[in-house]
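Spelled out from the first residue to the last, the chains are:
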Amino acid sequence: MELIVMPASLHRFRSFRVKLAAGVALVHAVLMALFVADLVVEQHRFLHERQVQRGMSLTQGIAQHAVSELLSADLASAQEVVQGFVSYPELRYVAILDSTGRIVAHSEPNRIGMYMSDAVTRGMLSGPQAAAVLIDDGRVLDVAAPVLWKGTSLGWVRFAAGMEGVNRQLRKVTLEGLGFAVLAVGLGVLLAVWMARSTTRGLYGLMAVTDATRRGERNVRAAADEGSEIGRLGASFNEMLDALAAQQDQLLAANHDLESRVEQRTAALAESETALVAILEQANDAFVSVREDGHVVNWNRAAERTFGWTREEAIGTPLAELIMPPEMRSMHPGWMRRYLEHGGTTRMVDRRAELTGWRRDGTTFPVEVAVRVRSHRDGTRFFDAFMRDISERKSLEAQLQALAMEDALTTLPNRRAALLSIPAAQARAMRSNRRIAILYLDLDGFKSVNDRLGHQAGDELLQEFARRLRSCVRASDLVARLGGDEFVVVLEGLGDVADAQRVAGKIIAAGSEPYPLSAGGANVSVSIGVRIVAHAEEAAPEELLADADQALYSAKRAGKRRAHLWSAAETADAGSGS
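These numbers were taken from a predicted model, which means no experiment stands behind them. (Residues numbered from 1 in each chain as written. Predicted model: local features only at pLDDT ≥ 70, side-chain atom pairs only at ≥ 80, totals over all residues. Heavy atoms only, no water.)

**Student:** For this particular structure, what's the right way to read the overall build of the protein chain?
**Tutor:** Within the protein chain, the regular secondary structure consists of 16 helices and 19 strands. The buried share of the protein chain, reckoned over its 578 residues, is 38%. Within the protein chain, contacts between residues at least 6 apart in sequence are counted, and of these 59% link residues at least 24 apart. On the protein chain, roughly 33,000 Å² of surface is accessible, and the fraction owed to carbon and sulfur atoms is 57%. (Helix = DSSP H or I, 4+ residues; strand = E, 2+ residues; numbered from the N terminus. Buried < 20%, exposed > 50% of the residue type's maximum accessible area, 1.4 Å probe, protein only. Contact = heavy atoms within 4.5 Å. Areas by Shrake-Rupley, 256 points an atom, 1.4 Å probe, with all protein chains shown as cover.)

**Student:** What is the right way to read the side chain of Asp444 from this model?
**Tutor:** Mapped onto the elements, Asp444 comes out in strand E13 (residues 435-444). Classification of Asp444 as buried rests on a relative accessible area of 5%. At 2.4 Å, the side chain of Asp444 and the side chain of Lys556 are in polar contact. Residue contacts for Asp444: discarding those within four places in its chain leaves Val524, Ser525, Val526, Ser527, Lys556, Lys560 and Arg561. (Polar contact = N/O pair within 3.5 Å; in protein donor to acceptor, adjacent residues only side chain to side chain.)

**Student:** Honestly, unusual backbone geometry in this entry has me stumped. Any pointers?
**Tutor:** Here Asn433, not a glycine, exhibits a phi torsion of approximately 60°, which is positive. Tracing the backbone shows Asn433 in the loop between helix H11 (415-432) and E13. Residue Asn433 is classed as exposed on the basis of its relative accessible area of 52%. The residue Lys560 is not glycine, and still its phi comes out positive at about 65°. Tracing the backbone shows Lys560 in the loop between helix H15 (541-557) and strand E19 (563-565).

**Student:** What's the story with the environment of Leu170 in this structure? I'm lost.
**Tutor:** Looking at the secondary structure, you find Leu170 in helix H4 (residues 164-214). For Leu170 and Arg45, which are 125 residues apart along the polypeptide, the C-alpha to C-alpha distance reads 9.8 Å. Every residue in contact with Leu170, bar those within four places of it in the chain, is listed here: Val40, His44 and Leu47.

**Student:** I keep staring at the nonpolar core and nothing clicks. Help me out?
**Tutor:** In a soluble, globular protein the nonpolar side chains are often hidden away together inside. Membership of the largest hydrophobic core comes to 35 residues, with the highest contact counts inside it found for Leu439, Leu441, Leu461, Val489, Ile507 and Ile528. Those elements that place two or more of their residues in this core are E13, helix H12 (446-453), helix H13 (455-471), strand E15 (486-494), helix H14 (497-511), strand E16 (515-517) and strand E18 (525-533). Those residues in contact with Leu461, other than ones at most four positions away along the chain, are Leu443, Phe446, Val449, Tyr515, Leu517, Ala522 and Val524. Val94, Val104, Val143 and Met163 belong to the second-largest nonpolar core, a separate cluster that totals 27 residues. (Core = buried A, V, L, I, M, F, W, Y, C linked by side-chain atoms within 4.5 Å.)

**Student:** Is there a simple way to explain the packing of H11 against H15 in this structure?
**Tutor:** Packed helices, taken two at a time, are described by the angle their axes make and the gap between the axes. At a minimum axis separation of 9 Å, H11 and H15 run at an interaxial angle of 105°. Taken together, the axes of H11 and H15 are roughly perpendicular relative to one another. For the pair formed by H11 and H15, the contact residues are Arg415, Leu419, Ile422, Pro423 and Gln426 on the first element and Pro541, Glu542, Leu544 and Leu545 on the second. Grouping the constituent residues of the contact of H11 with H15 by class yields six nonpolar, one polar and two charged. (Axes fitted to C-alpha atoms, helices over the stretch in contact; angles between N-to-C directions. Parallel < 35°, antiparallel > 145°, perpendicular 65-115°, else oblique. Nonpolar A, V, L, I, M, F, W, Y, C, P; charged D, E, K, R; others polar.)

**Student:** What is the right way to read the sheet that holds strand E10 (residues 352-358) from this model?
**Tutor:** Across a sheet, strands are paired by hydrogen bonds formed along the backbone, either parallel or antiparallel in direction. In spatial order, the strands read E9-E8-E12-E11-E10; together these five strands make up an open sheet with antiparallel pairing. Lying at the two open borders of the sheet, with one neighbouring strand each, are strand E9 (296-299) and E10. Here the strands of the sheet are splayed against their neighbours by 30° on average, with no regard to which way each runs. Bridging between strand E11 (residues 364-375) and strand E12 (residues 381-389) involves nine bridges; their strand directions are antiparallel. Bridge pairing in E12 links Arg372 to Asp384. (Pairing = 2+ DSSP bridges.)

**Student:** Honestly, the packing of aromatic side chains in this entry has me stumped. Any pointers?
**Tutor:** Each pair of aromatic rings is reported with the distance of its centres and the angle of its planes. Tallying each qualifying case throughout the model produces five aromatic pairs. Ring geometry for Phe287 against Phe386: centres 5.0 Å apart, planes inclined by 50°, an arrangement best described as tilted. One end of the pair, Phe287, is in strand E8 (residues 286-291); the other, Phe386, is in strand E12, with 99 residues separating them in the sequence. You can call Phe287 buried: its relative accessible area is 6%. Consider the rings of Trp299 and Phe307, whose centres lie 5.9 Å apart with planes at 45°: the pair is tilted. The class for Trp299 is buried, based on a relative accessible area of 1%. Overall, Phe307 belongs to the buried group, its relative accessible area being 1%. Of the aromatic side chains, those joined through ring pairs into one cluster are Trp299, Phe307 and Phe365. Over the ring of Phe365 we find Arg359, and its NZ or CZ is 3.9 Å from the ring centre. (Phe/Tyr/Trp six-rings, centres within 6.5 Å; stacked < 30°, edge-to-face > 60°. Lys NZ or Arg CZ within 6 Å of the ring centre and 35° of its normal.)

**Student:** How should I be thinking about H13 in this particular structure?
**Tutor:** Side chains three or four residues apart in an α-helix point the same way, a direct result of the helix having 3.6 residues per turn. An ideal rise of 1.5 Å per residue puts 24 Å on 17 residues; H13 measures up with 25 Å between its terminal C-alpha atoms. Of the positions making up H13, those classed as buried are Ala457, Gly458, Leu461, Leu462, Phe465, Ala466, Arg468 and Leu469. (Expected span 1.5 Å × (residues − 1).)

**Student:** I keep staring at H14 and nothing clicks. Help me out?
**Tutor:** Given a rise of 1.5 Å per residue, 15 residues ought to cover 21 Å, and the 21 Å separating the end C-alpha atoms of H14 matches this to within 8%. For H14, the full list of buried residues reads Ala500, Val503, Ala504, Ile507, Ile508, Ala510 and Gly511. Of the residues that open H14, the one with a side-chain oxygen 3.2 Å from the backbone nitrogen of Ala498 is Asp496.

**Student:** What exactly am I supposed to notice about the sheet that holds E15 here?
**Tutor:** If you walk across this open sheet you meet the five strands as E14-E15-E13-E18-E19, and the pairing is mixed. Single-partner strands in this sheet number two, and they are strand E14 (478-483) and E19. Sheet twist, expressed as the mean angle between neighbouring strand axes with direction ignored, is 20°. As defined by bridge partners, E13 adjoins E15 across seven bridges and the pair is classed as antiparallel. The partner of Leu439 across the bridge, within E15, is Val489. Relative to the sheet, H15 contacts E13, E15, E18 and E19, its axis offset from that of E18 by approximately 140°.

Structure below.
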């Protein structure tokens, strides 16, 4: 059995050893940086406080000596006191001022007799009679002390000195601290590297065994040492490798058995696939299979008949180019991409949808599509679609829909179509801020024509009246037969009531002309009830027709062959009469 203690290469940038060494070194460096920073700050505070105390002591001493000179007005003696400090290191100036701010002694004699009138001096003169630091900006220290005699201020002493010496000492301390820190960090790095190597030596041995095992070397084992945690881990690791080796032998035996079963299952699947291909080839619906990149991989005979492309032409071609109109092809990759990117959420999969198909000759037709998604063993997904030409079904549906909305005798829209069209006309009137008119028509004397000439003649009369009615209105106006000899006209875009009355008069004139029928001539007249609908009125279509019908009967009671305009008062009268 081979025993591996150290791997061939131990240095990797992200290894635990490097991280451990870097972590220890970093902690050491941070602590040293904090130590040096604290040292510099404390030294700066100490030097600054010492400089301030020295300045305050000198200023107060000068103030005590200047008491007698100011009392006796002996300016020469005061100047001698000041001159004694001219040699003070980094001195900027020393001055004795009287209580008004006039200079009585100065380290620069030519300034004697002048006044110090800057803002700092004014604040000093008007402030409390106590020693104070006036300026402390890191470059200059300016302090002042009052000259007091029995509690009375005789004047002030100003003392200003530079801070260059303090700053030089501070820089010296900083450089010494940095040097010490660099030396300490270097020693810390060496210590961290030694600690990391000694700590992780056994761990890297385990890693070497792991790498060898991954390469297939089953006889490699780790160094076992009961005296350390990693050594005990190595012993446990060796036991695990022994157990894995035994399990691998068992798996090899099971794998041989599994392979034989897979071969049998593969043969059965091949037979099933052959049968499935035969079924798809004989299917009446077009079957198309598409890879997730949009290219066709399967195309049966029904697809050839439906779309006009042969199997050889279709395989490998993007599906959109074969079955979709040119203006819609850009949408096809979009929904497939959304399905693949958003976890299979789309309205096209696992349900039936109706789309517009495109044949090779350029014609379009309605097609019903059912799409399912399946995944291959390698992870590739395929979209399988069954498609059916539903042109005949859609044509039949359209015919049935037209019959449901059309009067069989006159081919005009019927009552149902009229009730569905009136709300749309009301919406258009609201948008255009104009009115509409509903004309409810009835043929006077139509029953006598039926009784005298028969129902066939009555049907001919109704058909002729429908033709005349259409010729009296615009193509955009609705003309419908409600039933029997009752018709309705919906006029849109009216400017005023006179427009509706003019059209009603035109209909009455045209509808009252003689009717030459196959069974003989006939004469009828037209009565009309007119209901004007304001642009903002929201009455239901049934209510509007009822109002127009009421106006129609008012026209009949007034003598027929005329139009009567509905008013709200008629509805009120009808309600009270009932």
